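Structural features, examined
Here are the chains, one letter per residue:
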Amino acid sequence: MHGRLKVRTTEEERERKKKEQTLKVKAYRAAMAKIQEKRRLQQLDDEMLVLTSQILLRNPDVSTLWNIRRECVEQKSLNIDDVDQRQAIYDTELNFSEQCLLVNPKSYNGWHHRCWTLEHSPTANWEREVMLCSKYLKMDERNFHTWDYRRYVVEKARTSKQNELDFCTEKIKANFSNYSSWHHRSLLLPQLYPYEGDAQPKRAMNEEKLKEELEMVLTAAFTDPNDSSAWFYQRWLLGYSRQELDVCAFRCDNNRAVLSFTNPIILTEEDVVITDSKGNIKKKITNWKSINGAKSDTTWFCSLNGDKVLEHINDQYLLELHITDINVKQITLKTYKQSVYFFKPPNQSFTFTENVLNELQTQLESCESLLEYEPDSKWTLLTSALLMRAIGSQKYHDKSLKYLGKLEKVDILRENYYRDMASKWILEKYLLDWTSSEDFPGKLDLRNEEHLNAIFYPQYLCIADIVLVSEKLNHYSDKKQLQGFIAFKL
Amino acid sequence: MATRKKSLLKVIILGDSSVGKTSLMNQYINKRFSNQYKATIGADFCTKEVIADDRVVTMQIWDTAGQERFQSLGVAFYRGADCCVLVYDVTSPNSFKNLDSWRDEFLIQASPRDPDHFPFVVLGNKVDMDNRQVSTRRAQQWCQSKNDMPYFETSAKDGTNVELAFQTIARNALAQEAEVELYNEFPDQIRLNTDRNNRNGNSDNCQC
Amino acid sequence: MSDDLPDKFDLIVIGTGFPESCVAAAASRIGKTVLHIDPNEYYGGVWASFNLESFCALLEQGGNKELRNASQKWHVAETLKVAEAESDTVAGETNIKTDAAKQNVLDWSRETLLQQSRRFNLDLSPKILYSAGRLVQLLVSSNICRYAEFRAVDHVCTRFQNNIINVPCSRSDVFNTKDLNIVEKRLLMKFLTLCMTYGEDKTDEDALQFRGKTFREYLQEQKVTEKISICVMQAIAMCNDDTSFEEGMARTQQFLNSLGRYGNTPFLFPMYGCGEIPQCFCRLCAVFGGIYCLKRQIDDINIEADTNIASVVLEGKTIKAQHVVSAPGHLPNAFLQRNVGVYGQAELVNSLSRGIFLSATPLGSEELNSGGGGVNLLRLLAGTQEAILIQLSHFSGTCPKGVFLFHITTTAQSDQPAQDLAPFVSQVFNPDDENAPKLLYSAYFTIMGRERTSATPNVDVSTTIFCTSTPYYELDYDKSIISAREIFAKLYADAEFLPRAPDPEEIVIEGEDPRALSENSLPDDLREQLRELENSAENMDIEDTDAAQAGECTQEDAETQNMDAD
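Just so you know, these numbers come straight off a predicted model, no measurement behind them.

The rules we used
Residues numbered from 1 in each chain as written. Chains lettered and ligands numbered in written order. Predicted model: local features only at pLDDT ≥ 70, side-chain atom pairs only at ≥ 80, totals over all residues. Helix = DSSP H or I, 4+ residues; strand = E, 2+ residues; numbered from the N terminus. Rg over C-alpha atoms; globule rule 2.2 N^0.38 Å. Buried ≥ 20, exposed ≤ 12 C-beta atoms within 10 Å, placed from the backbone. Contact = placed C-beta atoms within 7 Å. Pairing = 2+ DSSP bridges. Domains from an automatic or database assignment. Axes fitted to C-alpha atoms, helices over the stretch in contact; angles between N-to-C directions. Expected span 1.5 Å × (residues − 1). Parallel < 35°, antiparallel > 145°, perpendicular 65-115°, else oblique. Left-handed = near helix turned anticlockwise from the far one by under 90°. Nonpolar A, V, L, I, M, F, W, Y, C, P; charged D, E, K, R; others polar. Core = buried A, V, L, I, M, F, W, Y, C linked by C-beta atoms within 7 Å.

Before going further, it helps to examine the overall build of chain A. Across its full length, chain A holds 15 helices and 12 strands. Computed over C-alpha atoms, the radius of gyration of chain A comes to 31 Å, more than 25% over the 23 Å expected from 2.2 N^0.38 for 490 residues, which places it beyond the range of a compact globule. Across its three principal directions, the C-alpha atoms of chain A cover 100 × 60 × 45 Å. Counting across all 490 residues of chain A, residues that qualify as buried make up 40%. Sequence-distant contacts, at least 24 apart, represent 55% of the contacts inside chain A between residues at least 6 apart.

What chain B contains, in helices and strands, is six helices and six strands. Along chain B, helices and strands appear, N-terminal first, in the series β-α-β-β-β-α-α-β-α-β-α-α. The buried share among the 208 residues of chain B stands at 43%. Of the contacts made within chain B by residues no fewer than 6 positions apart, 72% connect residues no fewer than 24 positions apart.

Here we come to the sheet that holds strand E5 (residues 289-290) of chain A. Strands in a sheet are paired, the pairing made by backbone hydrogen bonds, and the direction either parallel or antiparallel. All names here are of chain A. An order of E5-E6-E2-E1-E10-E9 is seen for the six strands of this open sheet, with the pairing classed as antiparallel. Edge strands, defined here as strands with exactly one partner in the open sheet, are E5 and strand E9 (334-336). With three bridges joining them, E9 and strand E10 (residues 339-343) adopt antiparallel strand pairing. Counted as the bridge partner of Thr-335 is Val-340 from E10.

Here chain A is partitioned into domain 1 (14-124), domain 2 (247-343) and domain 3 (393-490). Placing a centre on the C-alpha atoms of domain 1 of chain A and another on those of domain 2 of chain A gives a separation of 61 Å.

This part takes up the sheet that holds strand E15 (residues 348-359) of chain C. All names here are of chain C. The mixed open sheet is built from eight strands, whose spatial order is E4-E19-E15-E18-E17-E16-E8-E9. Across the chains shown, the open sheet's two edge strands, defined by having one partner strand only, are strand E4 (67-74) and strand E9 (163-166). The mean angle between the axes of side-by-side strands here comes to 20 degrees, regardless of whether they run parallel or antiparallel. Pairing between E4 and strand E19 (residues 439-450): six bridges, direction antiparallel. Pairing of Trp-74 across the sheet is with Tyr-441, part of E19. Of the strands in this sheet, E4, strand E8 (155-160), E15, strand E16 (376-382), strand E17 (385-392), strand E18 (404-411) and E19 are in contact with helix H15 (residues 417-428), which crosses E15 at around 35 degrees.

Moving on, we come to helix H4 (residues 83-103) of chain A. In this model, H4(A) (21 residues) spans 31 Å end to end at C-alpha, consistent with the 30 Å of a helix rising 1.5 Å per residue. Within H4(A) the residues assigned to the buried category are A:Arg86, A:Tyr90, A:Glu93, A:Phe96, A:Ser97, A:Gln99, A:Cys100, A:Leu101, A:Leu102 and A:Val103. Here the buried face of H4(A) lies against helix H2 (46-56), helix H3 (63-78) and helix H5 (108-120) of chain A together with strand E3 (55-62) of chain B.

Quick look at the packing of helix H10 (residues 207-223) of chain A against helix H8 (residues 182-197) of chain C now. In the contact formed by H10(A) and H8(C), the axes pass within 8 Å of each other and the chain directions differ by 20 degrees. The angle between the axes of H10(A) and H8(C) places the two elements in the roughly parallel class. You can see that H10(A) and H8(C) cross each other, and the crossing is right-handed. Across from A:Leu218, A:Thr219, A:Phe222 and A:Thr223 in H10(A), the residues of H8(C) making contact are C:Ile182, C:Lys185, C:Arg186 and C:Met189. Of the residues contributing to the contact of H10(A) with H8(C), the split by class is four nonpolar, two polar and two charged.

It is worth spelling out the packing of H10(A) against helix H12 (residues 354-373) of chain A at this point. Residues and elements named next belong to chain A. Where H10 meets H12, the closest approach of the two axes is 9 Å, and the angle between their N-to-C directions is 10 degrees. Taken as axis vectors, H10 and H12 run roughly parallel relative to one another. Here Glu-207, Glu-208, Leu-210, Lys-211, Leu-214, Glu-215 and Leu-218 of H10 lie close against H12, whose contacting residues are Asn-355, Val-356, Glu-359 and Gln-363.

A word on the nonpolar core. Within the largest apolar cluster, 313 residues are counted, with the highest numbers of intra-cluster contacts made by B:Val11, B:Val85, C:Ile12, C:Val23 and C:Leu268. Ignoring anything within four residues of it in the chain, the contact list for C:Val23 reads C:Val13, C:Val325, C:Ala484, C:Ile487 and C:Phe488. Membership of the second largest hydrophobic core comes to nine residues, among which are A:Trp111, A:Cys133, A:Val153 and A:Val154.

So, about the environment of C:Asp107. All names here are of chain C. Its location among the elements puts Asp-107 in the loop between helix H4 (93-100) and helix H5 (110-115). The class of Asp-107 is buried, set by 20 C-beta atoms lying within 10 Å. The spatial distance from the C-alpha of Asp-107 to the C-alpha of Val-153 is 27 Å, given a sequence separation of 46 residues.

Encoded structure:
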């Protein structure tokens, strides 16, 4: 009929596509064969570049072809002395990889080729690369390839960190569900606003800035509580990161010594010395053994074979450490029965300045008022609990545990996660209270802590003579730390 | 999801009715020619992937869809053209004479930012015919007088110069696209029904 | 020229406004022969966009049948004073100062604005599209969308305590706004999420509880603050105190369904103005063989009594058609006097009061106009009346850089558009408010519409002539599409309305085997490569061992598969 167009049926279209596919495979094979032949003959010429372009522009993930291109470029620039002419060769590569990255912005090969090109070219325009990243991040603000590459070129271009932070803020404003941009922030802020106070563990950044960040991240969290990226950033801000390396506990009598750290380390012979108060070396402890036989461990012990290390138990003894990553070099030891010891319970709350504390308090109030509307909101419950811990773990101990208990019920899928978290908090509190109890440090009795489901800090337990745990924690009994100080024998 | 955004070049073909605009397009894209005059039913635009200066570019060639027949091409047709192809019929002096007004019409309607350097390409079509009426010299002179527009003599019927002409069109259109354009800060214009626009913060397909 | 025209068509459409173009495209698409005429020399009729010069000229001549009560005023001098003009060219530091103060009324004159006339696309009937609304759906489903480009509306605004504030509608808006505290943010997000899922469960308590009540009452029951309530009522649901719960909820859902598709708001504006939209439909009509003739006068239309075939007299030539569809203002007087039944015909009355304003500064805070000014939407209220204000910056392709274009539309109350619009204009362009944009130019006019009568006289099933609708007071094109579909359904009862037009690649060329694939459909380089290398590759195939070949194939196939994803 007049005006009617004939359109291919799906069947016809499929057949046509199949033929097209066959032709493309043919063309592809022909090109690949030619490339391999040329490479065998070491013909790394312009024709080779053209051949590889044709394939790479359609599929930028054939690594071999990128390697061949690099060989071609090196070959080509070998005999050229003129800088501009050489630069032109590399510029072609830059344009080319940009084209390929438009086809697949997540091509590892494409991004790598850019790095290679820039590193080898006579002059590299790093500012242009930063702009290129901005362009690609405009198309997809969550492409982690681009963020990685951005960090690389920003370093080279010496872009001001403040500009980077502003850029990052813009991206978060546009879409805060973006792990990459929060991560980018977390790398920039500690450099731009370093923490200069002496709280331990150290704050991630200057407290004034920390306050702003906390505000921003809570806003994100409240806007969309189901977006996990903001919550992870918040936890980083609140200091739930890896603890800094420090000594947790030390105990020594004439027969044995045990020393434990917050994180696993490799303890060498030169590291530990016991001195008297005048600084005279009483004993250099050398033959440390890791408790689990691992090369790196949190807990180390050694046999002293009845050396008279502690001649006068009432004297003052000091522990001297020569470990680079630990700031504390000298620790005053306390006496217990025929032994000396040191104990520092796990860090559980932070001493924030008034300013940050106020912000945290305000945030906690916001969360609490929100809980009136949404009593079962899991993110609000968790945040409240975390905020309480950050403000005052002692003060809010029971309440924060109550929230975790509620979370176990409303978020049943993560029930064990909350239980573990509760166990951690309970043990922290127990260890703190233990230091002022009369059993300290001889006996550690965890049998009455019914909500303790796991032991997070076995390295703290090693200084007790006996550790008593409940039935359900029995599977921990193979942990050597739970056997108590007396058991440390070779 | 891959964010694909290749360069897209919009090329429009102008000229009197029946100078062979649609046929030229068909010859270039499908390598076909039909003698039947069909007043361009179904002719809309054609796309072709071309490689020019080491870049893959999608060239979109827009036909007038017959709306020029009664001088009724709307301004919408001219929007966003990267290159304009002016076609006349070498056997029709009138169609050659009208090139002037087609060119003017384009500059008024499309109002390109830099009218003096806007890429035009002129094609004298139907060189396969015996009754040629416009001489090559005359056409070339006119093209030179208008900022030296490239000129090709083509035959949509036997394919003479068609490939070459469109290659030039692609290259000239591309040359127009300055680097500044690539890095502009403007929000992008939206085309409906293309996936790439449709990817706003879906937290469930995390790509971080 | 008319002599070249065939003398018989299935359908003649008079007027190239939105509904006429819709019907013309739909008819042509199903294979009907269509002649599409417009007495004007431009497309779009009362739906058209004009450059500044033609717009001024149109108002100068007092409009036309469909546009009346026109007035315009320049608020700037005829030309720039010499001193001011020169201040721009002073070299050095002073120049920087001038640049900073560039957005100043004094920088523009009637002359300098008219010099940029072509950069303006002033809409007579501006519209804003919901990203998932009826028009967008139609453009996508019919594939007409390939003829147009859009700009996302940057901000939806509302007036709160005499300030213009951004209505936080997207997730990132809620995150960024300083107007809400974090608890309010959570409440708003929660409320919006609730609305999104509302109705999925038919036994929803709210649905029963609020049936028959107003949306306002529902909002009051929700735990939201006054500010949130105003944002939702005024800008999201766009309702008033009397709007029913069901309608308010439906509108809120329409808003929310359109969110997150393109830009930061649920709305789109066509690049270069709404005048582009009818032209897109016309192009589709032309692609399917429709014939276009602008600037043609219709002298008369006669209906043959026995066959019911219409004879349209077009500049002296008679052309026959099964049906005629016309914009209300374009039916010839001679025909109207004979009082023949026309479907949908009615007297033209004042329908919309329109104002167009130009300013050198945008409306509202810097935040609402970041990056050089936004394309913003603001619904204004004055008593029981409401108006829609659209602010356009040069990013929309409707005005030059440095100028902001404002459209205000309200339902006509009188034949004095300036008076109808005064309560709204004073809210935004109050000369006493130093933050309000200073006007460079203002114009008022009335868009005429069909009087709403219940039935048209003399119309029966055999009616050949149809009259289309005029622009409605609505944000999007919903009602206009419905009325165009209605006419189409009367013309071609069982035909599909604008089925998807195939992409060029899908079309089979005459005489071609639809299953065949010519080498030509391959990209140039691949084709050449194939030809060039086929021979040498064959030679190599022989050299290669079979095993090596077989091992490679699978990997290659996989890679080519990727390649094919192009």
